[in-house]
Amino acid sequence: MADSVAKRTVLYCGVCTLPPEYCEFAASRKKCEEWIKDAHPAEYARLYNDQAITQKLAMTTLSEDRVAKEAAKMEKAMSKEEARMARELEKKMSSKVVIKRVERNKRKCMTSVFGLDVFGVDLKKTAKTFANHFACGGSVSKNPQGLDEIVVQGDFSDEILELICKNHPEIPRDNIELTEEKKPKKVAP
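How each quantity is defined
- Residues numbered from 1 in each chain as written.
- Predicted model: local features only at pLDDT ≥ 70, side-chain atom pairs only at ≥ 80, totals over all residues.
- Heavy atoms only, no water.
- Pairing = 2+ DSSP bridges.
- Helix = DSSP H or I, 4+ residues; strand = E, 2+ residues; numbered from the N terminus.
- Buried < 20%, exposed > 50% of the residue type's maximum accessible area, 1.4 Å probe, protein only.
- Contact = heavy atoms within 4.5 Å.
- Patch = residues over 30% accessible without salt bridge, like charges linked within 9 Å, V, L, I, M, F, W, Y side chains within 5 Å.
- Areas by Shrake-Rupley, 256 points an atom, 1.4 Å probe, with all protein chains shown as cover.
- Salt bridge = Lys/Arg side-chain N within 4 Å of Asp/Glu carboxyl O.
- Phe/Tyr/Trp six-rings, centres within 6.5 Å; stacked < 30°, edge-to-face > 60°.

- The name given to the protein chain in an unreviewed UniProt entry is Translation machinery-associated protein 22, and the organism recorded there is Coemansia aciculifera.

Structure, rendered in structure tokens:
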């Protein structure tokens with residue numbers, strides 16, 4: 001009657017998330033190769049031993065000098081891509097997330113969160129999470145510098161700090177600052 005189909009598991013690289021056969025085309029080829037060597041030695045032996053490499057080269061019909069030029073060009077592109085990725089990581093680690101409590105009038109205040117977008121956090125989704133979690137209004141708006149920030153109605157700065165640390169572990173706690181902004185009181189004449 002119905003033939004059962006065996007479930008097949010596919011191995012994906014822990015660095016570039018591609019199948020190991022395609023890691024050589026990724027920007028982080030050397031890191032992928034190291035990961036496969038450590039995590040899956042049998043797969044590493046299948047892909048990167050001398051016999052497999054010579055078979056791949058035998059299948060190509062390019063001349064040796066052209067192969068060398070292409071390899072040098074690819075190596076240069078890979079090193080540029082790795083340098084770009086390192087710069088982005090350094091930029092992320094030097095960026096700050098600012099949680100600011102802003103007084104409005106009398107006893108009302110707002111909490112604004114700025115800098116989450118640098119870490120790749122979806123601001124609309126996070127604003128909705130804050131609004132649902134604290135049962136208050138939350139939205140994404142532009143700050144005076146013209147950049148996006150999350151605005152939550154109420155004083156939730158400490159709770160937002162804990163929620164960010166819990167939901168977004170990629171953001172180091174040292175990169176999160178709590179500040180308070182008060183309106184200057186008017187002096188009666």
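From this point on, the discussion continues.
### Quick word on the pairing of strand β4 (residues 148-153)
Here is step 1 of the chain: Sheet topology places strand β2 (residues 109-114) next to β4; five bridges connect them, and they run antiparallel. Counterpart to V113 in the pairing with β4 is I150.
Here is step 2 of the chain: Pairing of strand β3 (residues 138-142) with β4, which is carried by five bridges, proceeds in the antiparallel orientation. Bridging from a neighbouring strand, G138 pairs with V152 of β4.

### Looking at the environment of V140
Here is step 1 of the chain: Relative to the helices and strands, V140 is located in strand β3.
Here is step 2 of the chain: What makes V140 partly exposed here is its relative accessible area of 30%.
Here is step 3 of the chain: Distance in space between the C-alpha atoms of V140 and L123 is 6.7 Å, their sequence separation being 17 residues.
Here is step 4 of the chain: The contact partners of V140, leaving out residues within four places of it in the chain, are L123, K124, A127, D148, E149 and I150.

### With respect to a nonpolar patch on the surface
Here is step 1 of the chain: A grouping of L18, Y22, F25 and M74 is seen on the molecular surface, where their side chains present a nonpolar patch of about 420 Å² in accessible area.
Here is step 2 of the chain: You can see F25 is positioned in the segment before α1 (29-39).
Here is step 3 of the chain: Judged by its relative accessible area of 57%, F25 is exposed.

### Details of the packing of aromatic side chains
Here is step 1 of the chain: Counted under the stated rule, the structure contains two aromatic pairs.
Here is step 2 of the chain: The interplanar angle of 15 degrees and the centroid separation of 4.5 Å between the aromatic rings of F134 and F156 together place this pair among those described as stacked. In this pair, F134 is assigned in helix α5 (residues 123-134) and F156 in the loop between β4 and α6 (157-167), connecting sequence segments 22 residues apart.
Here is step 3 of the chain: Overall, the relative accessible area of 12% leaves F134 in the buried class.

### Quick word on the pattern of salt bridges
Here is step 1 of the chain: Throughout the structure, instances matching the rule amount to 10 salt bridges.
Here is step 2 of the chain: Residues K30 and E75 are paired through a salt bridge, measuring 3.2 Å at the closest nitrogen-oxygen approach. Of the two residues, K30 is situated in helix α1 and E75 in helix α4 (residues 64-94); the sequence distance between them amounts to 45 residues.
Here is step 3 of the chain: Look at E75 and you get partly exposed, because its relative accessible area is 32%.
Here is step 4 of the chain: E43 is the partner of R46 in a salt bridge, and the nearest nitrogen-oxygen pair spans 2.5 Å. Here R46 and its partner E43 are both found in helix α2 (residues 41-48), three residues apart, which amounts to about one turn of the helix.

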